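For reference, the chains in residue letters:
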Amino acid sequence: MGAFSIWHLVIILLIVVALFGTAKLRNVGSDLGSAIKSFRSAVKEEEEKKDASIGHTIDADVQPSKEHETVNR
């Protein structure tokens, strides 16, 4: 009895639509969608930068230095 049923959620949805109207809710939905899209692209760019910098440092570490070449001979 403590949990919300589907009918409670439907009534809450109808009240929200009556208060704000469908036009405002549509605008809020599109704004939220564009915010999520820009957040995902920013996260993807940061991951690409991180992967590129990690790859660069690994390549630099793999190259033997002149000092090691003379010691190994």
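Residues numbered from 1 in each chain as written. Predicted model: local features only at pLDDT ≥ 70, side-chain atom pairs only at ≥ 80, totals over all residues. Heavy atoms only, no water.

Colleague: In this structure, what is going on with the overall build of the protein? I would like to understand it.
Modeller: Of the regular secondary structure elements, the protein holds two helices and zero strands. Within the protein, the fraction of its 73 residues that count as buried is 0%. Approximately 7100 Å² of the protein is accessible, and the part contributed by carbon and sulfur atoms is 65%. (Helix = DSSP H or I, 4+ residues; strand = E, 2+ residues; numbered from the N terminus. Buried < 20%, exposed > 50% of the residue type's maximum accessible area, 1.4 Å probe, protein only. Areas by Shrake-Rupley, 256 points an atom, 1.4 Å probe, with all protein chains shown as cover.)

Colleague: I would appreciate a short explanation of a nonpolar patch on the surface in the present structure.
Modeller: Taken together, the side chains of Phe 4, Ile 6, Trp 7, Leu 9, Val 10, Ile 12 and Leu 14 make up a nonpolar region of the molecular surface, amounting to roughly 780 Å² of accessible area. Residue position: Phe 4 is located in the segment before helix H1 (6-62). Classification of Phe 4 as exposed rests on a relative accessible area of 62%. (Patch = residues over 30% accessible without salt bridge, like charges linked within 9 Å, V, L, I, M, F, W, Y side chains within 5 Å. Salt bridge = Lys/Arg side-chain N within 4 Å of Asp/Glu carboxyl O.)

Colleague: Teacher, can you tell me more about a negative patch on the surface here?
Modeller: Negative charge collects at one region of the surface, where Glu 45, Glu 46, Glu 47, Glu 48 and Asp 51 lie side by side. Overall, the relative accessible area of 46% leaves Glu 45 in the partly exposed class. (Lys, Arg positive; Asp, Glu negative; His and termini not counted. Charge placed at Lys NZ, Arg CZ, Asp CG, Glu CD.)

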